[in-house]
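Architecture at a glance
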Amino acid sequence: MRADICASDDYATRDRLLAAIYELGGAPEGDTEALGVGLHRYLFPAGELTVFADAWLVDVEGPDQLVRDLLQLISTGERG
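Residues numbered from 1 in each chain as written. Predicted model: local features only at pLDDT ≥ 70, side-chain atom pairs only at ≥ 80, totals over all residues. Heavy atoms only, no water.

Ordered in space as S1-S5-S4-S3-S2, the five strands form an open sheet in which the pairing is antiparallel. A single partner strand is all that each edge strand has here, and the edge strands are strand S1 (2-7) and strand S2 (27-28). Alignment of S2 against strand S3 (residues 38-44), held across two bridges, turns out to be antiparallel. Within the sheet, the bridge partner assigned to Pro-28 lies in S3 and is Tyr-42. (Pairing = 2+ DSSP bridges. Helix = DSSP H or I, 4+ residues; strand = E, 2+ residues; numbered from the N terminus.)

This part takes up helix H2 (residues 64-76). Since the α-helix packs 3.6 residues into each turn, any two residues three or four apart lie on the same face. With 13 residues, H2 should reach 18 Å at 1.5 Å per residue; the first-to-last C-alpha distance of 18 Å fits that figure. Directly after H2, the chain includes Gly-77, whose backbone phi takes a positive value near 80 degrees. (Expected span 1.5 Å × (residues − 1).)

The next thing to look at is the pairing of strand S4 (residues 47-53). Two elements, S3 and S4, share seven bridges in a ladder whose sense is antiparallel. Bridge pairing in S4 places Phe-44 opposite Gly-47. Where S3 folds back on S4, the antiparallel hairpin that results is connected by two residues. Pairing between S4 and strand S5 (residues 57-61): four bridges, direction antiparallel. The residue of S5 that forms the bridge with Val-51 is Val-60. Between S4 and S5, which follow one another and run antiparallel, lie three residues.

Turning to the packing of aromatic side chains, a few remarks are in order. For the structure on display, the rule yields one aromatic pair. Where Tyr-22 meets Tyr-42, the ring centres are 6.3 Å apart and the plane angle is 80 degrees; that geometry is what we call edge-to-face. In this pair, Tyr-22 is assigned in helix H1 (residues 11-23) and Tyr-42 in strand S3, connecting sequence segments 20 residues apart. Overall, Tyr-42 belongs to the buried group, its relative accessible area being 1%. (Phe/Tyr/Trp six-rings, centres within 6.5 Å; stacked < 30°, edge-to-face > 60°. Buried < 20%, exposed > 50% of the residue type's maximum accessible area, 1.4 Å probe, protein only.)

Within the largest apolar cluster, 21 residues are counted, with the highest numbers of intra-cluster contacts made by Leu-17, Ile-21, Tyr-42, Leu-49, Val-51, Val-60 and Leu-70. Among the secondary structure elements, those contributing two or more residues to this core are S1, H1, S3, S4, S5 and H2. Examining the composition of this core, we find that five residues originate from one element, H2, more than from any other. For Leu-49, the contacting residues outside a window of four places in its chain are Ile-21, His-40, Arg-41, Tyr-42, Phe-44, Val-60, Glu-61, Gly-62, Leu-66, Val-67 and Leu-70. (Core = buried A, V, L, I, M, F, W, Y, C linked by side-chain atoms within 4.5 Å. Contact = heavy atoms within 4.5 Å.)

Next comes the structure, spelled out in structure tokens:
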């Protein structure tokens, strides 16, 4: 499943996205934890989540349930 998260300059939502990734048990594939421009991969027991950030937007792609849980956590602050 793929979902648009926010505009690239919406730093509050980007911060909530990273917090939700870590709360759901995601671990960055590389050394970096920041969401700079580019493709970022986070590993979960349920699979891999890809976060893409460019000059316009931030989006995610991954297993359906993981993306749904992530969206729920970003929007409400609570797990669904």
